[in-house]
Amino acid sequence: MKRKHISGQDFTLQKKETANELKKKRKKFFGEIRATLLVIFSAAVLGYALITFGFQTIKVQGPSMEPALSTGDTVLVSKLSYLFGSIKRGDIVAIRPMGSDAYFDIKRVIAIPGDKISVMGGRMVVNDEPLDPAYDPGVIQSVGRLATPVTLGEKEYFVIGDNAGSSEDSRFSTYGNVQQSEIRGKVFYRLTKGKRGRIVNPTDEREDTQSEEETEEVTEEKTEAKTEEETD
């Protein structure tokens, strides 16, 4: 068997090709590392931004929101909700009073700009209508400012604790109407172990149910109409 002879020129060429291949592999390897690090860095920045500017956890202090929320509950607040939507009656919100950086208040919005709030027969009414039964605090013992009707100005909101007997809220002059700029976000999820779950505005829940029922009715009507046409 003849041994294949490799010239010096061929050996040098093969050596260069091998070096080029190694260089390409090294370049590809480090390129993949850079891409991976960039993805990790981007995810970390996005996560930090979401936590800092989008969401926040808050621990409920005091019994003012019972039975909806109890003292010690940890809730998740969306700071983005009101960038894309409006504050509604029935929303549970996180409030940071002007001049205070120490804590958040958790209260329920019962009236929005332009509404008139008063107490009639011991019960709170908004625009002469009773509150939604889902969050009506019942008989009001301490009416505070509501001894006379209160009308909200532009970007003003009236908040109260569901457990009105143990709540300092917009009924009292020391608290007053809440400015829109003081409402930092919507409370939408409870993280407390054993009680985890969404926190839904009862009004929104009913509207969603009503919308679903209306959709079903329309679908049924269309189906019936189509059946009648086919029968004819």
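Heads up: the structure comes first, above all this text.
For clarity, every value in this text was computed on a predicted model and none was experimentally measured. (Residues numbered from 1 in each chain as written. Predicted model: local features only at pLDDT ≥ 70, side-chain atom pairs only at ≥ 80, totals over all residues. Heavy atoms only, no water.)

Enquirer: Would you explain the packing of aromatic side chains in this entry?
Expert: What characterises a pair of aromatic rings is the spacing of the ring centres plus the angle enclosed by the ring planes. Using the criterion set out here, one finds one aromatic pair in the structure. With centroids separated by 6.0 Å and ring planes inclined at 55 degrees, the aromatic side chains of Phe-55 and Phe-188 adopt a geometry described as tilted. Taken together, the residues span a long stretch of sequence, with Phe-55 in strand 1 (residues 55–59) and Phe-188 in strand 11 (residues 183–190) at a distance of 133 residues. (Phe/Tyr/Trp six-rings, centres within 6.5 Å; stacked < 30°, edge-to-face > 60°. Helix = DSSP H or I, 4+ residues; strand = E, 2+ residues; numbered from the N terminus.)

Enquirer: Any chance you could explain the pairing of strand 4 (residues 105–111) here in plain terms?
Expert: One face of the sheet, then the other: side chains in a regular strand alternate in exactly this way. Among the seven residues that make up strand 4, seven are buried, leaving the element largely enclosed by the rest of the structure. Examined bridge by bridge, strand 3 (residues 92–95) and strand 4 share four bridges and lie antiparallel to one another. Of the residues in strand 4, the one forming a bridge with Ile-92 is Arg-108. Bridge count between strand 4 and strand 9 (residues 156–160): three bridges; the pairing is antiparallel. Residue pairing for strand 9: Arg-108 is matched across the bridge by Ile-160. (Buried < 20%, exposed > 50% of the residue type's maximum accessible area, 1.4 Å probe, protein only. Pairing = 2+ DSSP bridges.)

Enquirer: Even after reading the chapter, I still don't get the nonpolar core, so can you show me in this structure?
Expert: Most often, soluble globular proteins have nonpolar side chains that are buried together. Residues Ile-110, Ala-111, Ile-117, Met-124, Leu-146, Phe-158 and Ile-160 are the most contacted members of the largest nonpolar core, which totals 14 residues. Counting residues per element, the ones that place at least two in this core are strand 4, strand 6 (123–126) and strand 9. In terms of nonpolar packing, the next biggest core, distinct from the first, is built from twelve residues, Leu-69, Val-77, Val-187 and Ile-199 among them. (Core = buried A, V, L, I, M, F, W, Y, C linked by side-chain atoms within 4.5 Å.)

Honestly, that's just the spatial picture; any functional story needs more than this.
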